[in-house]
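Structural description and commentary
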There are 2 protein chains.
Amino acid sequence: VKRNLREDDVVAQLQKIAGSAAAGAVRLGIGDDAAVWQPSRSHRSVVTTDMLVEGVHFTRETMGFDDVGWRTTAASLSDLAAMGARPVLATVALGVPNDVDLDSLIALYRGIASCAGPAGLAIVGGDLSRAPVMTIAMNAVGEVRASDCKLRSGGRPGDVVAVTGRLGASRAGLDVARGSIALDEPLRSEALLAHRRPQARIEEGRWLAARSSVRAMMDCSDGLSTDLARLCRSSGAGALVGEIPTAECAVAAALQLKEDPDSYALAGGEDFELIVACRRRAFTHVAARFQRRFGRPLYRVGVLRSEPGLALGADGRERPIDLAGWDHFAGSV
Amino acid sequence: VKRNLREDDVVAQLQKIAGSAAAGAVRLGIGDDAAVWQPSRSHRSVVTTDMLVEGVHFTRETMGFDDVGWRTTAASLSDLAAMGARPVLATVALGVPNDVDLDSLIALYRGIASCAGPAGLAIVGGDLSRAPVMTIAMNAVGEVRASDCKLRSGGRPGDVVAVTGRLGASRAGLDVARGSIALDEPLRSEALLAHRRPQARIEEGRWLAARSSVRAMMDCSDGLSTDLARLCRSSGAGALVGEIPTAECAVAAALQLKEDPDSYALAGGEDFELIVACRRRAFTHVAARFQRRFGRPLYRVGVLRSEPGLALGADGRERPIDLAGWDHFAGSV
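Attention in this report is confined to the structure presented alongside it. In this text the structure is predicted, and so the values were computed from the model without any measurement.

Here we come to the sheet that holds strand β9 (residues 238–241) of chain A. All names here are of chain A. Spatial ordering of the open sheet is given by β8-β10-β7-β11-β9-β12-β13, a layout of seven strands whose pairing is mixed. Edge positions in the sheet fall to β8 (214–219) and β13 (317–320), since each of these pairs with one other strand and no more. Ignoring strand direction, the axes of neighbouring strands in this sheet form an average angle of 30 degrees. Here four bridges tie β9 to strand β11 (residues 299–305), and the two strands are oriented antiparallel to one another. Counted as the bridge partner of G238 is R305 from β11. Against the sheet, helix α2 (residues 65–82) engages β8 and β10 (274–278), with an angle of about 170 degrees to β8.

Below, the structure is given as structure tokens:
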């Protein structure tokens, strides 16, 4: 794979060109998890788009078409969750290779519908095309109260960084699906489920967005190191990461492959947990209420600080974090 | 190319599955040019998605990246025009093969921005991925007054069918770009421009949508025979086509290739004119006002009737029209 393009650089370049076409109703353009506009005075709409490509994001060996449909939908829902938005509707553009039959497309759509339905996301239209490999582009629209809409850029030095769940399980599930490792139950099922049927944190996102002490939010779909670095850059800050909440199955997978368990959380990606920056003094209270509301902890990861870049450690014993997360132009399955 | 899937059949199947996930705010789902929902009492939003795939919809030999960006945008704008909507914003998901560099992506985005800007369409976000061939999925959102929103299904037997411009020029432009034919100026430029820089009929769409006598509208991007057949099926009618307004360059191209000029209009596709069904008694008046407003005729094509299917001719001398338009699962460039 030629690695002359870096995703963030390309986005920055394209943003400049597209910026010249921005219009009055648009409140937030390229660069966050989703774009925001204002269809009427009282409403903010949020729109996000995700593309999954066979051979890049999935293979037929490791995922069924129903799982692919689910995961595409979960990725879109996760982007809406990161904006604190309520899912409304989505469109689906499919590129279909010759060796995919109607049954497979039906399975794909069933996967989409089974993930979309409970989240309140209506599938309202799409486009069909031939393509050399299975390609799915989903576009989702949500709605949010203007005061609740949380961006990547709201974090400030001193804020606590936290995530809504343990990370790395999806990567462990990919290892299992590929046959690279063998895990015992229940870790095996936990890993496969995280990979094939990930849950977007919609309720968590809406709840966190409604807290005034939560100042920035984004999803963690490209790995903690890549995504936290993006939040930091948008917020004009750096971060010192003290604890990395890693899923039990990811630790087990890393041990088998003699890899660093942290790398599963930092660079694994596709976990769809949310990253938040919360005012330091409010964090304990917010985390306690989160635990009561969702029955799971809001995991403290570290703090934002004025020095740019990401570092791992505490109290003077720090090492920089390699930004080896998922770059869609460098990586491939 | 395996031809076991027909686009309209697939859409019908997927519609059934997706229909179960439809929600309250959604006014119109899969099957029209765009989906419609109601973000607040006074507004209707319209959303549409289009995917362009290298080798299926374009090749680098016949179109530059800037033209590809333009045409993707024109296709989305045309879907909004068909709903009578004002363009608001769009997102772009790009699948990028290894041999496409940043300059090409910038050219693509410049093409997008140059088509989007004058139409008031803001490019607000996107997604980037590796892919085996250049793949562009655009999603566009527009707004329309509830009373103006015209669907495919509103036509009734007796209505006059008309189109907003002559057809077939884009197909002639493809012939020129491929080097299959040589046309003299100005026909050569007219054909190439129609293929590479097609104009969506946004103002025409909004104007026609505001006429109460216009009962159904859609765009003609897959060729008149395919698209008029879709309008007829949605409206529970058939159509007798009397006149086919064919672009001068398409007639010239057909003559050179010893093909039927009508086939350029009926099956060429990518023309982005609008098809309307208009109450018979109002048509002359609407067409006269259209001519004054836009300086071009509203071309009468035929009439809707209760017999299903499409036929060509008049006064008892009819022949059925072969539905050989563009099927995205059958055709390829």
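Tallied over the entire structure, the rule returns 32 salt bridges over all chains. The shortest N-O distance in the salt bridge between R60 of chain A and E54 of chain A comes to 2.8 Å. One salt bridge in this structure joins R215 of chain B and D159 of chain B, with 2.6 Å as the shortest N-O distance. Of the two residues, R215 of chain B sits in strand β8 (residues 214–219) while D159 of chain B sits in the loop between β6 (135–144) and β7 (160–163), which places them 56 residues apart along the sequence. Salt bridges sharing partners connect three or more residues here, namely D66, D67, R196 and R197 of chain A.

What follows concerns the environment of P198 of chain A. All names here are of chain A. If you trace the backbone, P198 turns up in the loop between α5 (187–196) and α6 (202–209). Between the C-alpha atoms of P198 and R215, which are 17 residues apart in sequence, the distance is 25 Å. Once you skip the residues sitting within four places of it in the chain, P198 turns out to touch W70, R71, A74, L193 and F272.

Calculation notes
Residues numbered from 1 in each chain as written. Chains lettered and ligands numbered in written order. Predicted model: local features only at pLDDT ≥ 70, side-chain atom pairs only at ≥ 80, totals over all residues. Heavy atoms only, no water. Pairing = 2+ DSSP bridges. Helix = DSSP H or I, 4+ residues; strand = E, 2+ residues; numbered from the N terminus. Axes fitted to C-alpha atoms, helices over the stretch in contact; angles between N-to-C directions. Contact = heavy atoms within 4.5 Å. Salt bridge = Lys/Arg side-chain N within 4 Å of Asp/Glu carboxyl O.

Geometric values such as these leave the question of function open.
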